[in-house]
Amino acid sequence: MVSDADVLEVTRQLGRPARGILEVAARCVCGRPVVVKTTPRLEDGTPFPTLFYLTQTAATAAVSTLEASGFMVEMQQRLAEDDQIRAGYLLAHRSYLAERDQIEVVPELNDFSAGGMPIRVKCLHALVAHSLAKGEGSNPIGDLALEALDWSIKVCSCN
Ligand SMILES: [Zn+2]
């Protein structure tokens, strides 16, 4: 369950009403939400593939900066060359789908997870959110992005 205070804070972070939050999946050291876990189908019936959603303003801004830096091309290359990363990314994709299906199986979403998994690197926000929610080792590209980020969950940068 998620508290009213958390929903209000996420609404403030996003600048629009937060929808479909099931729980806070990662928190800042100050206690505010950084990643929320969302329902695979919103109240109005819309399928919502992104199970883990990065909400903290400083985090989303830092990830956007990293995305604009050419890091995604670099990661796409690593994925092509590194068997271990590729295997880990496939496992991340499967565990993402499994966890989402535990909440609700949404046929429209089929085999679609998030962030470009399992073969593309398309949205670092989704991959970083996955790593933060499930911990280091759960998403190799998300982990690498976290290392490269000019941001840390261990330092409060809530604003
Ligand atoms: Zn904070």
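Residues numbered from 1 in each chain as written. Predicted model: local features only at pLDDT ≥ 70, side-chain atom pairs only at ≥ 80, totals over all residues. Heavy atoms only, no water.

**Notes on the packing of helix H3 (residues 71–81) against helix H6 (residues 140–148)**
As a reminder of what qualifies: Structural elements are reduced to axes, namely lines fitted to C-alpha atoms, with helices fitted over the stretch in contact, and the angle between N-to-C directions of any two is expressed from 0 to 180 degrees. The secondary structure listing takes helices from DSSP runs of H or I that are at least 4 residues long and strands from runs of E that are at least 2 residues long, numbered from the N terminus. Should an angle fall under 35 degrees it is called roughly parallel, over 145 degrees roughly antiparallel, and 65 to 115 degrees roughly perpendicular, with every other angle called oblique. Crossing handedness follows the turn of the near helix against the far one: under a right angle anticlockwise gives a left-handed crossing, and clockwise gives a right-handed one. By the convention used here, residues are in contact when the closest approach between their heavy atoms is within 4.5 Å. Think of it as three bins: nonpolar holds Ala, Val, Leu, Ile, Met, Phe, Trp, Tyr, Cys and Pro, charged holds Asp, Glu, Lys and Arg, and polar takes everything else, Gly as well.
With their axes 11 Å apart at the nearest point, H3 and H6 run at an angle of 140° to one another. By the angle class used here, H3 and H6 are oblique. Like other packed secondary-structure pairs, H3 and H6 cross with a definite hand, here right-handed. Contact residues: H3 offers Phe71, Met75, Arg78 and Leu79, while H6 offers Ile141, Leu144, Ala145 and Ala148. Residue composition of the contact of H3 with H6, by class: 7 nonpolar, no polar and 1 charged.

**Looking at unusual backbone geometry**
Following Met117, the chain continues into Pro118 via a peptide bond in cis, with omega recorded as 5°. Unlike most non-glycine residues, Asn110 shows phi in positive territory, near 45°. With respect to the element layout, Asn110 can be found in the loop between helix H4 (83–103) and helix H5 (124–134).

**A closer look at the sheet that holds strand S1 (residues 21–27)**
Short version of the rule: For two strands to pair, DSSP has to find at least two bridges joining them.
Ordered by their spatial adjacency, 3 strands build an open sheet running S1-S2-S3, and the pairing between neighbours is antiparallel. Across the chains shown, the open sheet's two edge strands, defined by having one partner strand only, are S1 and strand S3 (52–54). Ignoring which end each strand starts from, the neighbouring axes of this sheet average 35° apart. Bridge count between S1 and strand S2 (residues 33–38): 5 bridges; the pairing is antiparallel. Pairing of Glu23 across the sheet is with Lys37, part of S2.

**Regarding the side chain of Glu9**
Assignment of secondary structure puts Glu9 in helix H1 (residues 4–14). Look past the residues within four positions of Glu9 in its chain and what remains in contact with it is Arg32 and Pro33.

**Comments concerning H5**
Here is the rule: Relative accessibility thresholds used throughout: buried, under 20% of the residue-type maximum; exposed, over 50%; partly exposed, between the two (1.4 Å probe, protein chains only).
Of all 11 residues that make up H5, 10 are buried, and the element is covered over most of its length. Turning to H5, its buried residues number three or more, namely Leu124, His125, Ala126, Leu127, Val128, Ala129, His130, Ser131, Leu132 and Ala133. Positive backbone phi, at 95°, marks Gly135, one or two positions downstream of H5.

**With respect to the coordination of the zinc ion**
As a reminder of what qualifies: Donor criterion used throughout: N, O or S atom within 2.8 Å of the metal, extended to 3.2 Å for Na, K and Ca. Water excluded; incomplete-looking sites may result.
The coordination sphere of the zinc ion, as far as protein atoms go, consists of Cys28 (SG), Cys30 (SG), Cys156 (SG) and Cys158 (SG), spread over 2.2 to 2.4 Å. All donors of the zinc ion belong to a single chain; written as a sequence motif, their spacing is C-x1-C-x125-C-x1-C. Here Cys28 is found in the loop between S1 and S2, whereas its partner Cys156 is found in the segment after H6, with 128 residues between them in sequence. The partly exposed category is assigned to Cys156, whose relative accessible area is 39%.

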